[in-house]
Amino acid sequence: MLTGTRRDRVHGRAGRRSRFGLRVLVLILCGVPVGPVVAESYRLPPAEVVELLDAPRLPLVQLSPDARWLTLAERPAMPSLGDVARPWLGLAGMRVDPAYHARHRVLFSSGLLLQEGWQGPAERVELPDPARIISLLWSHTNDRLALTRATDQGVELWVVSVETRAARRVARFLNTLFVEVQWMPDGQRLLAAVKPDDGQARPERPAVPQRPIIQETSGRRSPARTFQDLLNDEYDAQLFEHFTRCQLVIVDPDREQLDPLGSAGLIVGAAPSPDGEWFLVYRLKRPFSYTLPHYRFPLSIEIWDQAGQRRHTLADLPLADEVPIQGVRTGPRQVNWRPGKPATLVWVEAQDGGDPNRQVAHRDAWRAWAAPFETEPRELLRTQHRARGLTWFANPARVLAAEYDRDRRWVRALLHDLDAPDAPPVVLEDRSVHDRYGDPGNILTHIQADGTRIARQTGDGIYRIGRGDSPTGARPFLDRQQLTDQTTERVWQSEPGCFETVIALIDDQQPGGTRMLTRYEDPVTPPNLFLRDWTDPSFRKPLTEFPDPQPQIRGIQRELVTYERADGVPLSATLYLPQGYTGDTPLPLVVWAYPRDYSDPATAGQISGSPDQFTEIRGASQLVFLLQGYAVLDNAAMPIVGDPESMNDTFIEQIELGARAAIEMAVERGIADPQRVGVGGHSYGAFMAVNLMAHTDLFRAGCARSGAYNRTLTPFGFQAERRTLWEAPDVYTAVSPFLHAHQIRQPLLILHGAADNNSGTFPLQSERLYHALAGLGGTARLVMLPAEGHGYLARESVLHAVAEMLDWFERYVKQAEPR
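Rules used in this analysis
Residues numbered from 1 in each chain as written. Predicted model: local features only at pLDDT ≥ 70, side-chain atom pairs only at ≥ 80, totals over all residues. Heavy atoms only, no water. Helix = DSSP H or I, 4+ residues; strand = E, 2+ residues; numbered from the N terminus. Rg over C-alpha atoms; globule rule 2.2 N^0.38 Å. Buried < 20%, exposed > 50% of the residue type's maximum accessible area, 1.4 Å probe, protein only. Contact = heavy atoms within 4.5 Å. Salt bridge = Lys/Arg side-chain N within 4 Å of Asp/Glu carboxyl O. Pairing = 2+ DSSP bridges. Axes fitted to C-alpha atoms, helices over the stretch in contact; angles between N-to-C directions. Parallel < 35°, antiparallel > 145°, perpendicular 65-115°, else oblique. Nonpolar A, V, L, I, M, F, W, Y, C, P; charged D, E, K, R; others polar. Phe/Tyr/Trp six-rings, centres within 6.5 Å; stacked < 30°, edge-to-face > 60°. Polar contact = N/O pair within 3.5 Å; in protein donor to acceptor, adjacent residues only side chain to side chain. pLDDT = per-residue confidence, 0-100. Right-handed = clockwise from strand over helix to strand, strands pointing away. Expected span 1.5 Å × (residues − 1).

Time to look at the overall build of the protein chain. Within the protein chain, the secondary structure is distributed over ten helices and 48 strands. Against the globule reference of 28 Å for 819 residues, the protein chain gives a C-alpha radius of gyration of 28 Å, in line with a compact fold. For the protein chain, the C-alpha atoms occupy an extent of roughly 75 × 75 × 60 Å along the three principal directions. The proportion of buried residues among the 819 residues of the protein chain is 58%. Considering only residue pairs separated by 6 or more positions, the protein chain has 60% of its internal contacts joining residues 24 or more positions apart.

Another point: the pattern of salt bridges. For the coordinates displayed, the defined rule picks out 54 salt bridges. Two residues, Arg286 and Glu234, come together in a salt bridge whose shortest N-O distance is 3.1 Å. With a gap of 52 residues between them, Arg286 in the loop between strand E17 (278–284) and strand E18 (299–305) and Glu234 in helix H4 (residues 234–244) connect regions that are remote in the sequence. Between Arg554 and Asp548 there is a salt bridge, with the nearest N and O atoms lying 2.7 Å from each other. What makes Asp548 partly exposed here is its relative accessible area of 22%. One salt-bridge network, held together by shared partners, links Arg333, Asp352, Arg363, Asp364 and Arg386.

In this section: the sheet that holds strand E23 (residues 378–383). Strand order in this open sheet of four strands is E20-E21-E22-E23, and the pairing throughout is antiparallel. Of all strands in the sheet, those with a lone pairing partner are strand E20 (333–337) and E23, marking the two edges. Strand-to-strand twist in this sheet, taken as the mean axis angle between neighbours without regard to direction, amounts to 20°.

Turning next to the sheet that holds strand E25 (residues 398–405). What links the strands of a sheet is backbone hydrogen bonding, and the strands pair in either a parallel or an antiparallel sense. Strand order in this open sheet of four strands is E24-E25-E26-E27, and the pairing throughout is antiparallel. Strands at the two margins of the open sheet, each flanked by one partner only, are strand E24 (386–392) and strand E27 (426–432). For this sheet, the mean inter-axis angle between neighbouring strands, taken without regard to orientation, is 15°. Alignment of strand E26 (residues 410–417) against E27, held across six bridges, turns out to be antiparallel. Residue pairing across strands places Arg412 opposite Asp430, the latter belonging to E27.

Between helix H6 (residues 651–668) and helix H7 (residues 684–695), the least distance of the axes is 10 Å, while the angle of their chain directions is 85°. As far as their axial angle goes, H7 and H6 are roughly perpendicular. Only Tyr684, Phe687, Met688, Asn691, Leu692 and His695 of H7 make contact with H6, whose side of the interface consists of Phe651, Ile652, Ile655, Glu656 and Ala659. Along the lines of polarity and charge, the residues of the contact of H6 with H7 split into eight nonpolar, two polar and one charged.

Another point: the packing of aromatic side chains. Scanning the model with the defined rule gives 20 aromatic pairs in all. Here the aromatic rings of Tyr520 and Phe530 are separated by 5.9 Å at their centres, their planes lie at 80°, and the arrangement is edge-to-face. You can see Tyr520 sitting in strand E36 (residues 515–522) and its partner Phe530 sitting in strand E37 (residues 525–533), a full ten residues away along the chain. The class of Tyr520 is buried, set by a relative accessible area of 14%. Relative accessible area serves as the criterion here: at 10%, Phe530 is assigned to the buried category.

Another point: the side chain of Arg722. Relative to the assigned elements, Arg722 resides in the loop between strand E46 (701–705) and helix H8 (729–734). At 2.7 Å, the side chain of Arg722 forms a polar contact with the backbone oxygen of Arg406. A distance of 2.9 Å separates the side chain of Arg722 from the side chain of Glu645, its partner in a polar contact. Setting aside anything within four residues of it in sequence, one finds Arg722 in contact with Ile325, Gln326, Arg406, Asp407, Arg409, Pro644, Glu645 and Glu727.

The next point concerns the confidence of the model for the protein chain. Considering every residue of the protein chain, the mean pLDDT works out to 91; 94% of them sit at 70 or more. Note on residues 1–34: pLDDT under 50 across the span, and 70 contacts to partners over four residues away in sequence or across chains.

Let us look at unusual backbone geometry. With glycine set apart, most residues show a phi of negative sign, and most peptide bonds adopt trans. For the bond running from Asp129 to Pro130, omega is 0°, close enough to zero to count as cis. One can find Pro130 in the loop between strand E7 (123–124) and strand E8 (133–138). The amide bond that connects Ala371 to the next residue, Pro372, takes the cis arrangement and shows omega of 10°. Tracing the backbone through its elements, the reader meets Pro372 in the loop between strand E22 (364–370) and E23. In the Ramachandran plot, Asn142 falls in the positive-phi region, its phi being about 70° despite a non-glycine side chain. Positive phi values are uncommon outside glycine, yet Gln334 reaches one of about 50°. As for its position among the elements, Gln334 is in strand E20.

Turning to the pairing of E46, a few remarks are in order. Summarising burial for E46: five of the five residues are buried, a large majority. The pairing of strand E45 (residues 672–682) with E46 spans five bridges and is classified as parallel. Paired with Gly678 across the two strands is Ala701, which belongs to E46. Taking the sense of rotation as the criterion, the β-α-β connection linking E45, H7 and E46 turns out right-handed. Across four bridges, E46 lies against strand E47 (residues 748–753) in parallel orientation.

With respect to the helices and strands, Arg165 occurs in the loop between strand E10 (154–161) and strand E11 (167–174). Distance in space between the C-alpha atoms of Arg165 and Leu145 is 9.8 Å, their sequence separation being 20 residues. Separated by 2.6 Å, the side chain of Arg165 and the backbone oxygen of Val162 make a polar contact.

Right, let's talk about helix H10 (residues 795–814) for a bit. Here H10 spans 26 Å end to end across 20 residues, near enough to the 28 Å set by a 1.5 Å rise per residue. Most of H10 is tucked away, with 14 of its 20 residues classed as buried.

Counted at 1.5 Å a residue, the expected span for H7 with its twelve residues is 16 Å, and the 17 Å between its end C-alpha atoms agrees. For H7, a buried count of twelve out of twelve residues is recorded, marking the element as mostly surrounded by other parts of the structure. Along H7, the positions that sit buried rather than exposed are Tyr684, Gly685, Ala686, Phe687, Met688, Ala689, Val690, Asn691, Leu692, Met693, Ala694 and His695.

Of all seven residues that make up strand E41 (residues 587–593), seven are buried, and the element is covered over most of its length. Note: E41 against E45, five bridges, orientation parallel. Looking at the pairing, Leu587 lines up with Ala672 of E45. For E41 and strand E43 (residues 631–636), the ladder comprises four bridges, and the chain directions are parallel. By the bridge assignment for E43, Leu589 is matched with Ala631.

This is the structure:
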């Protein structure tokens, strides 16, 4: 029998704490260390687990715009700790690699192959060793490919000729911190940013502090989430300026020449107009902030000419320190060049002051401004709810405007005719954001001759590609929707027993053209690309033949399961069983989950995923438990259903109902031993797992990775919570497992990246939870992984985390004595 919830709490209110617990809490908050420090080196899990996780990854496939060429980027199974531990600087909400003048990153491609789509074979592109490829970018002319490469001297730009397969270095010392490399409209030259060649050295920290650090507020509301890696002082601000400062250049690979564009500055974005005559440029300005990330800093949005001269200023935005919770910045947002026009800028501006709580008829307005930018911008259209983006069509007067209703959690897409502004727009999508079954799919787009992107059409029909989620699992589809009458035809759908997705159409605009590229996989076949014809199911030509990288786990059993919460909310999960399991005896069970919020039970119960997909086990995955004889209930639905303004009032009750229903389903099927059930989760899932440990007796042990456990340290909202700590103190207290640590009586393994950069999940959260459990006499183990961020990447860290998880559950779940 499953034991019940501990009722030393009231619905949505903070539970009673013992006096002893309060005394320990005071010691912890005062920084008094509790418990011993264990010195251990990196550990390895069992050999079969190491072999599995060291298996090479499948190549990363990228298509040319015309889908006739493939790049195959080779990737190592896991980066080394040396890559993960590379020096970085936390500046203005991001991590900067000072050697590269780029964002800190640890994942690189190790090799590149180029293949002519359906004629093969793949040919290797020769690059210096190690290749360390950061990014790949096809030209829209389909005849060349740009890549950026990390070296000890900095980031380089290379161009690969499709005809010769030869790669040439065309630029060095790039600054890709903000400005990404992009092709110019001619598809032959590139726009990039390089470090200024002006001899300015990196600033040195003064030996003696030069000034106090002062912040002041006077009646202005400045709510902000708990951002990490912010500026701390004036020296940090100078460092940020040093690494942000860059020089825009036009790179001509054929002439092996770099032409400067304008002067160097704090440039954080640039884009050429479709005709190549103008440039949209973003420049940061002081004053910077010590409490906000860089994207809230003062910003000048400018229009430059071909000579690099600033001709116009679209907006001069101040520091965005008054943005409401879940609100937006005032002034122009989402500024882009309009497809189908030589040089017209389009952007959106809030009509509600950026405040989602203000009642207005229209939240946003889209505006346009055409070259030579001598007249006033004009309004294109308004949206009732918050704008999400625009999709343009072959007819430049047509535009699809997507919007999001925060109150109902609803998405809508309206087709407008800009030549008939008084005509009512046509609704092409109108559904709950959580309604997976009703998702019409994404509109397929294609790149035009000038590099801009519009919806792909055949006549008046557009194409949509979707996952096809359904009560029996996902079956991806290709639909054709007519813009004239909005009728939809199902052109193609994946067959049962496999998971096949359309990734590109080949020749649909030719008479009778019905060919497409698909990505096919099934439970025993790794993902590969195929050339298909949607009118001829028998036509199926393989383009790639990647072998199974992990054949030793092919006997693992996978099933989508459905069940119901005690309050009637339908639930689902993916059930994994070890290979060779015959069902003759119950297994120890691992429940792994991540809570999600919903407005209604119907969408909360919708199934996601497919039992027909290929299974890989990568990184510190919970699926490693399968290799040690456990059943794993993965992605177990833990919906939090209710009014978006108050749903967390019953967070604890709802996750308990979800967990209890999951265990009862597995026990009733004879799969799980109710005396040997463990729970785990990552990030918000870790927050859930520790709350279940504190408020129920359902689990023998838990594993919490990189979570936040004291919500008073995230006072301006967390996850989907819209209220502040001061508006809902009882809720923040009730859902903080740190404040209920005296109720955690089962063993808890706590893992955290020591350099976690995720908002809210400071490493301090795990450290303080461990100190609480140690001071209260609980059973816990804290593992801080050096140099790791929110996820664990280095081989040493991944294997150690897996070893910790397997050992902890072996001791406290698999070998647990009956209660």
